[in-house]
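The residues making up each chain are set out below.
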Amino acid sequence: MATTTAAERRAQARVEYDAFIKGCATNQLLARLSDKWVSLVVCALAPGPLRYSDLARKLAGVSPKMLTQTLRALERDGLLTREITPSVPVRVDYELTPLGQSLALLLTAVKDWAETHMDEVHVAREHYDTESAGSPGVLQK
């Protein structure tokens, strides 16, 4: 068996990525990207860098622990950078990388779609709930 370089192994892995396979790296990345807080952080940073405190205010309902975990995961994945400015108190700014900006285009479109179509979803939910209320587990036409 011939020895392969790390670059050759990465190139082969790219050919073999299949998001439908649970153990595949792309499946795991999609799981991360589908997280609500990831989507909202990326959308919040799309216009430009923000301080941690500004992000926390913008993302109503996120706990400090969840925001910190989300930011660390996005930094690890190369989607944002963190810049620390020594001051009292310490200033920490977050900004999307070019990779993060490319993702922001997609996630912002999904966010905008959700905001635009929420009324239709409410109607569909009400219709579904009304139709299925009489017969649990059975869909009616």
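One can find the structure itself at the top, above this paragraph.
Residues numbered from 1 in each chain as written. Predicted model: local features only at pLDDT ≥ 70, side-chain atom pairs only at ≥ 80, totals over all residues. Heavy atoms only, no water.

Novice: It is not clear to me how the packing of helix α3 (residues 36-45) against helix α6 (residues 98-133) should be interpreted in this structure. Could you clarify?
Specialist: The relative placement of two packed helices comes down to the angle between their axes together with the axis-to-axis distance. Two numbers describe how α3 lies on α6: the axes approach to 8 Å, and their chain directions differ by 110 degrees. Taken together, the axes of α3 and α6 lie roughly perpendicular to each other. Where α3 abuts α6, its residues S39, V42, C43 and L45 lie against G100, Q101, L103, A104, L107, T108 and K111. A per-class count over the contact of α3 with α6 returns 6 nonpolar, 4 polar and 1 charged. (Axes fitted to C-alpha atoms, helices over the stretch in contact; angles between N-to-C directions. Helix = DSSP H or I, 4+ residues; strand = E, 2+ residues; numbered from the N terminus. Parallel < 35°, antiparallel > 145°, perpendicular 65-115°, else oblique. Contact = heavy atoms within 4.5 Å. Nonpolar A, V, L, I, M, F, W, Y, C, P; charged D, E, K, R; others polar.)

Novice: Help me out: how do you make sense of the sheet that holds strand β2 (residues 80-85) in this one?
Specialist: Strands pair in a sheet through their backbones, by hydrogen bonds, and they do so in one of two ways: parallel or antiparallel. Spatially, 3 strands are ordered β1-β3-β2 in an open sheet, and the strand pairing comes out antiparallel. Two strands bound the open sheet, and with one partner strand each, they are β1 (50-51) and β2. (Pairing = 2+ DSSP bridges.)

Novice: I keep staring at the pairing of β2 and nothing clicks. Help me out?
Specialist: Successive residues of a regular strand alternate their side chains across the two faces of the sheet. Judged from the 6 bridges that link them, β2 and strand β3 (residues 91-96) form a sheet pairing that is antiparallel. Paired with L80 across the bridge in β3 is L96. Between β2 and β3, which follow one another and run antiparallel, lie 5 residues.

Remember, this is a structural readout, not a statement about activity or role.
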